[in-house]
Amino acid sequence: MPASPFPAVWTERHRLHDPGGEVWVGVPIPGTEVVARGDLIREALETAGFPILPPAAHGAGHLHRVHEPAMVDYLRTAHQDWVAAGYPEEPGQDRVVPYTFALPQMVADRPFRLPVAPSARAGVYIADTTTLIGRGTFDAAVAAADCALTAAEMALAGTPAVYAVCRPPGHHAGRSFCGGSCYLNNAALAAQALRDGGVDRVAVVDLDAHHGNGTQDIFYDRGDVLYSSVHVDPGAGWFPHFVGYADEQGRGPGEGANLNRPVAPACGDGPWLEAVADLCRAAAAHRAAALVVSLGVDGAAGDPESPLGISPAGFCRAAEALAGLRLPTVFVQEGGYDLNRLGGLVVGTLEAFAAAGGQP
Ligand code: SP5
Ligand code: ZN
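Not measured: the values here are computed from a predicted model. (Residues numbered from 1 in each chain as written. Chains lettered and ligands numbered in written order. Predicted model: local features only at pLDDT ≥ 70, side-chain atom pairs only at ≥ 80, totals over all residues. Heavy atoms only, no water.)

Enquirer: Even after reading the chapter, I still don't get the nonpolar core, so can you show me in this structure?
Expert: Grouped together as the largest cluster of nonpolar side chains are 54 residues, with contacts concentrated most on Leu194 and Val292. In terms of nonpolar packing, the next biggest core, distinct from the first, is built from 51 residues, Val165, Cys267, Ala282 and Ala318 among them. (Core = buried A, V, L, I, M, F, W, Y, C linked by side-chain atoms within 4.5 Å. Buried < 20%, exposed > 50% of the residue type's maximum accessible area, 1.4 Å probe, protein only.)

See the structure below:
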């Protein structure tokens, strides 16, 4: 099989999303999910000779296959409602950021009331204070979703491997919540598009340093889409904190179709690659006919958002293991925040996949 680069789907519309930093433990800090990420990845792809294609526009109907319509409507209108409420002038915040949260024990067993104040409404749909919404956030999130959907459609049409350069990322966005710098779940949209295009069983393998609690949420009750993830152990104090433990294995028809392999902080390549091998075995046992890879490279040594310490060669070994599945594959960009290494890590991983003949 030739080691030729495969197509990447990218759009400059990612630049519409500038979260303008994040609020962490109450303090506004610069944040790491920055506009430059999308451009650095594009430059690295271009230099390496990957064909770069624009996404096709998809309607809200595609988004509603994995997201609650009310949540999509919220995202669409949140920033304009925020501005209309005057928060940019008083107290001086021009991004949507929640201050109070609809904790389940506070609102359970009562008729649900959508808060009137936009500041409070944010706490219904946004799970943390690091996922800010600016003027162009919704349009950029839709453009990222379009990249993932276009990539899935190319896979359905016979392209053996395709890479969706999604920014903002998606795997922390659930059926009706946003969080962790994610708004719409690009990987889940790709997996659902593959299902809707006639693929009976799909496997999602999530290599991002963090557990993809949004993707898990979306598919937790379903047996047709396996969700599997290696990530830094939430039990060791890491985001997303509440979810991502090994005993979360799916529910009802989805029982056994959710696999979490938390690994220890600073584990390095060895334990991480053992976990990746488990995820590949699970994808094969699931008899998946297509693969979606949530490709976060924030597990890399030196990344500011994770302590895993994975080497560039480690990501290549993971790519080779995925290639061994010989499945049509859609890569979806998630995290990765070391701006000096981001482009090289992504391209190196994709090239290792191609060189290993990762095509059916
Ligand atoms: C897509 C993705 O990788 N999201 C991960 C978001 C993790 N954010 C956790 C927030 C922690 C705040 N970061 C502060 C860094 C200070 N060293
Ligand atoms: Zn991450």
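Enquirer: Please clarify how helix α1 (residues 36-48) should be interpreted in this entry.
Expert: In an α-helix there are 3.6 residues to a turn, and that puts residues three or four apart on one side. Between the first and last C-alpha of α1 there are 18 Å, a value that for 13 residues agrees with the 18 Å anticipated at 1.5 Å per step. All of the buried residues along α1 are Arg37, Gly38, Asp39, Ile41, Ala44 and Leu45. Turning to α1, the residues buried within the fold contact β1 (8-9), β4 (52-53), β5 (161-164), β10 (329-333) and α11 (342-355). (Helix = DSSP H or I, 4+ residues; strand = E, 2+ residues; numbered from the N terminus. Expected span 1.5 Å × (residues − 1). Contact = heavy atoms within 4.5 Å.)

Enquirer: Where do I start with the pairing of β5 in this structure?
Expert: Side chains on a regular strand alternate between the two faces of the sheet. Here β5 shows two buried faces, one formed by Ala161 and Tyr163 and the other by Val162 and Ala164. Pairing of β1 with β5, which is carried by two bridges, proceeds in the parallel orientation. For valine 9, the partnering residue across the bridge sits in β5 and is alanine 164. Relative to β10, β5 runs parallel, the two sharing four bridges. Its bridge partner lying in β10, tyrosine 163 is registered against phenylalanine 331. (Pairing = 2+ DSSP bridges.)

Enquirer: In this structure, what is going on with the coordination of the zinc ion (ligand 2)? I would like to understand it.
Expert: Between any two of four tetrahedral donors, the ideal angle at the metal is 109.5 degrees; between two of six octahedral donors, it is 90 or 180 degrees. All of the protein donors around the zinc ion (ligand 2) are Asp208 (OD), His210 (ND1) and Asp298 (OD); their distances to the metal are 2.0 to 2.1 Å. Taken together, the four donor atoms coordinating the zinc ion (ligand 2) and their angles of 95 to 134 degrees define a geometry best described as tetrahedral. Along the chain, the residues donating to the zinc ion (ligand 2) fall in the pattern D-x1-H-x87-D. You can see aspartate 208 sitting in the loop between β6 (202-206) and α8 (213-219) and its partner aspartate 298 sitting in the loop between β9 (290-295) and α10 (312-323), a full 90 residues away along the chain. (Donors = N, O, S within 2.8 Å, 3.2 Å for Na, K, Ca; no water. Tetrahedral: all angles 85-135°; square planar, octahedral: opposite > 155°, others 65-115°.)

Enquirer: I tried to follow helix α3 (residues 69-84) on my own but got confused; where do I start?
Expert: Counted at 1.5 Å a residue, the expected span for α3 with its 16 residues is 22 Å, and the 22 Å between its end C-alpha atoms agrees. Among all positions of α3, only Met71, Val72, Tyr74, Leu75, Ala78, His79 and Trp82 are buried. Where the residues of α3 are buried, they touch α2 (60-63), α5 (118-125) and α6 (137-156). Phi turns positive one or two residues past the end of α3, at glycine 86, with a value near 90 degrees.

Enquirer: It is not clear to me how the packing of aromatic side chains should be interpreted in this structure. Could you clarify?
Expert: Describing an aromatic ring pair means giving the distance of the ring centres and the angle of the ring planes. Counted according to the given criterion, the structure contains seven aromatic pairs. Between the aromatic rings of tryptophan 82 and tyrosine 87, the centroid separation amounts to 4.3 Å while the plane-to-plane angle is 50 degrees, which identifies the pairing as tilted. In this structure, tryptophan 82 and tyrosine 87 share a single accessibility class: buried. Among the aromatic residues, those joined into a cluster by ring pairs are Phe6, Phe50, Phe331 and Phe353. The positively charged end of arginine 42 is found above the aromatic ring belonging to tryptophan 10, 4.8 Å away from the centroid. (Phe/Tyr/Trp six-rings, centres within 6.5 Å; stacked < 30°, edge-to-face > 60°. Lys NZ or Arg CZ within 6 Å of the ring centre and 35° of its normal.)

Enquirer: How do you make sense of the pattern of salt bridges when you look at a structure like this?
Expert: Any two side chains of opposite charge can pair, so long as their charged atoms come close to each other. One pass over the full model with this rule turns up 15 salt bridges. Measuring nitrogen to oxygen at the nearest pair gives 2.7 Å for the salt bridge that ties arginine 37 to glutamate 33. Grouping residues by exposure puts arginine 37 and glutamate 33 together as buried. The partner of aspartate 224 in a salt bridge is arginine 195, and the shortest N-O contact between them spans 2.6 Å. Pair noted here: aspartate 224 is in the loop between α8 and β7 (225-232) and arginine 195 is in helix α7 (residues 186-196), with a separation of 29 residues, a long-range link. Through salt bridges with shared partners, a single ionic network connects Glu33, Arg37 and Arg167. (Salt bridge = Lys/Arg side-chain N within 4 Å of Asp/Glu carboxyl O.)

Enquirer: Which parts of the structure should I look at to understand the site of ligand 1?
Expert: Around ligand 1 there are 14 residues in total, and His172, Gly180, His210, Asp298 and Tyr337 lie nearest to it. A distance of 3.4 Å separates an oxygen atom of ligand 1 from a polar atom in the side chain of histidine 210. Between a nitrogen atom of ligand 1 and a side-chain N or O atom of glutamate 305, the distance comes to 3.4 Å. In the shell around ligand 1, the residues fall into five nonpolar, five polar and four charged. (Near = heavy atom within 4 Å. Polar contact = N/O pair within 3.5 Å; in protein donor to acceptor, adjacent residues only side chain to side chain. Nonpolar A, V, L, I, M, F, W, Y, C, P; charged D, E, K, R; others polar.)

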